[in-house]
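Architecture at a glance
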2 protein chains.
Amino acid sequence: MLYLFCSIKFVNKTVNKIRQWTQNINFQYITTMTKHQNNKEMAILEAARNEFLEKGYDGARITSIAKSAGVTHAMLHYYFKTKEQLFTGIFDDFIHQVVGNMTELFNDSDKPFIQQVEDAVSVHFDFIKENPQIPLFVIREIATHPERIELIKDSVASTIGGFFGTVQKGIDQARINGEICDIDAINLLFDVLSLNAFTFLARPIFFAVFGRLTADDSVFIELRKQEILKTIHKRLAI
Amino acid sequence: MLYLFCSIKFVNKTVNKIRQWTQNINFQYITTMTKHQNNKEMAILEAARNEFLEKGYDGARITSIAKSAGVTHAMLHYYFKTKEQLFTGIFDDFIHQVVGNMTELFNDSDKPFIQQVEDAVSVHFDFIKENPQIPLFVIREIATHPERIELIKDSVASTIGGFFGTVQKGIDQARINGEICDIDAINLLFDVLSLNAFTFLARPIFFAVFGRLTADDSVFIELRKQEILKTIHKRLAI
DNA sequence: AAAAATATTAACAATTTTGTTAGAATTTTC
DNA sequence: GAAAATTCTAACAAAATTGTTAATATTTTT
């Protein structure tokens, strides 16, 4: 769960031992932290995750996070030097979770390509359904602080790049087999991402306006999923 | 442009004359403000609009707005009592702009329904292209402050409700004519909104990751538009 | 031109928010 | 069990942020 991320406390500890402190130590190459090794630190991370997801960086409050975690805010500054640093770790974590989920969507199988795509759409939809705040979180933070994406650009680009290549190969082969019509990988994936993510981006507004018309939140979400599967299916069909 | 909105100064002025001050005076029924009537007030509104669009309510700063507008922040509090009040006016304005644009998408014509839809998709896409920050702005503010939608819920719901009815009638008739396949208005409009809005929601991320692959921002945007038109067309085709 | 209304400024103030520090308490290491 | 490292607390502090106020300048009305 926690990629590229460990606390200042952990770095300090490590550094005390190995005596190699630098300000910009590369977190990636330090052994990842054992979970539940430290209750308070984990409580802070959990609280910070929720606070940042819900309110974004600008709306989040260090004191509010500390209160949720059941610690003083001085404690929070002890484990994580600044708000920015606490945020960066959590942000990187989400980015890798999103990218990781995407790149695992296609698993080699003998199924027809159109079926593989539908499976991927379904898995992706369910992932966002389980993590409905992530799309807005990522979009909002990149939009308000564009410089943040620089930190992860290269690592993400290569991962995603390979993934797009895989999908494009699948498309090319399916085209040769006469299974699908013409489309390129980027547009197909952008369509899927748009339809799936926007369902949950717009949900609060939709239910504020149309709540009285629809029986139930989950009923509408399931209807959207079926509609998206149909839309993508028809987009690929010859 | 400015719906349901006038400044405290203007209300004060009006109230001084008509001697009918109440705290919750209904702005809607006060004569709308003449543009350019007051340079400083307009400069504040313009600056606030940009600041809120760019940074959201939580990230926006009264002093920053005042500086952009070339006035002291005391001046800003003179025209608009609080940050919240300044924001509310601008927010309402955006909501009505978005809803207004949507409800004007379908104009009665003799064209085949599928062509009417494609025209609407194109107009809607271009609207967001001209106002690319609005979708994130609205989604973000509703997500972080859900109570705000209550202020406009009823007025918006009825407007949108009527619009959905119009679209549904068009669908029903086109179905009878054998022009399109089965779909309901809400899903169709949600599809269009998803594909169009997400293009611009994801653009900063997309270009951070894939910028090097694509020649130009505007080229990609145009490609997306064509892809969306194709996707909606195939979704409706029998 | 006098009076009234409106616009503007500068200084002040309350609160929030992030961050620090010195020292005490606890745990770990030797 | 002594020394060292660490965890933790309470109080402090600096800066940012929103908002107020009293006095002054300007414009509008009569």
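Residues numbered from 1 in each chain as written. Chains lettered and ligands numbered in written order. Predicted model: local features only at pLDDT ≥ 70, side-chain atom pairs only at ≥ 80, totals over all residues. Heavy atoms only, no water.

1. Looking at the overall build of chain A
Along chain A, the regular secondary structure elements total eleven helices and zero strands. Starting at the N terminus and ending at the C terminus, chain A contains elements arranged as α-α-α-α-α-α-α-α-α-α-α. Residue pairs at least 24 apart in sequence account for 68% of intrachain contacts in chain A once pairs closer than 6 positions are excluded. Carbon and sulfur atoms provide 53% of the accessible area of chain A, an area that totals close to 11600 Å². (Helix = DSSP H or I, 4+ residues; strand = E, 2+ residues; numbered from the N terminus. Contact = heavy atoms within 4.5 Å. Areas by Shrake-Rupley, 256 points an atom, 1.4 Å probe, with all protein chains shown as cover.)

2. A closer look at the domain arrangement of chain A
Residues and elements named next belong to chain A. Along its sequence, chain A is organised into domain 1 (2–77) and domain 2 (82–236). Contact residues are listed per partner, giving 21 residues for domain 1 and 19 residues for domain 2. In this assembly, domain 1 packs against domain 2 so that about 2000 Å² is buried in total across both faces, 64% of it on carbon and sulfur atoms. Taking the shortest distance from any N to any O, the salt bridge between R49 and D93 comes out at 3.4 Å. The tally of links between domain 1 and domain 2 comes to seven residue pairs in polar contact (both at pLDDT 80 or more). Looking at the side of domain 1 that touches domain 2, the elements that each hand over two or more residues are α2 (39–59), α3 (62–69) and α4 (73–79). Looking at the side of domain 1 that touches domain 2, the element that brings in the most residues is α2, giving ten residues. Taken together, the residues that form the side of domain 1 that touches domain 2 break down as 14 nonpolar, two polar and five charged. (Domains from an automatic or database assignment. Buried area = accessible area lost by both parts, 1.4 Å probe. Salt bridge = Lys/Arg side-chain N within 4 Å of Asp/Glu carboxyl O. Polar contact = N/O pair within 3.5 Å; in protein donor to acceptor, adjacent residues only side chain to side chain. Nonpolar A, V, L, I, M, F, W, Y, C, P; charged D, E, K, R; others polar.)

3. What to know about the nonpolar core
Counting 150 residues, the largest nonpolar core has A:F52, A:L86, A:I232, B:F52, B:L86 and B:I232 as the members making the most contacts within it. With near-sequence residues (within four places) excluded, B:L86 lies in contact with B:L45, B:A48, B:F52, B:I65, B:L76 and B:F80. (Core = buried A, V, L, I, M, F, W, Y, C linked by side-chain atoms within 4.5 Å. Buried < 20%, exposed > 50% of the residue type's maximum accessible area, 1.4 Å probe, protein only.)

4. Focus: the packing of aromatic side chains
Inspection of the entire model under this criterion finds 40 aromatic pairs over all chains. Seen from their ring centres, A:F190 and B:F206 are 5.5 Å apart, and the 65° between their planes marks the pair as edge-to-face. One end of the pair, A:F190, is in helix α9 (residues 185–201); the other, B:F206, is in helix α10 (residues 203–210), on a second chain. For the pair A:F190 and B:F206, one class covers both residues: buried. Where B:F206 meets B:F220, the ring centres are 4.2 Å apart and the plane angle is 15°; that geometry is what we call stacked. (Phe/Tyr/Trp six-rings, centres within 6.5 Å; stacked < 30°, edge-to-face > 60°.)

5. Describing the relation of the copies chain B and chain A
Between chain B and chain A, which share one sequence, the superposing operator has a rotation angle of 180° and an axial displacement of 0.0 Å; the RMSD is 0.1 Å. Here the transformation between the copies is reduced to the relation of a two-fold axis. (Least-squares fit on C-alpha atoms with pLDDT ≥ 70 in both.)

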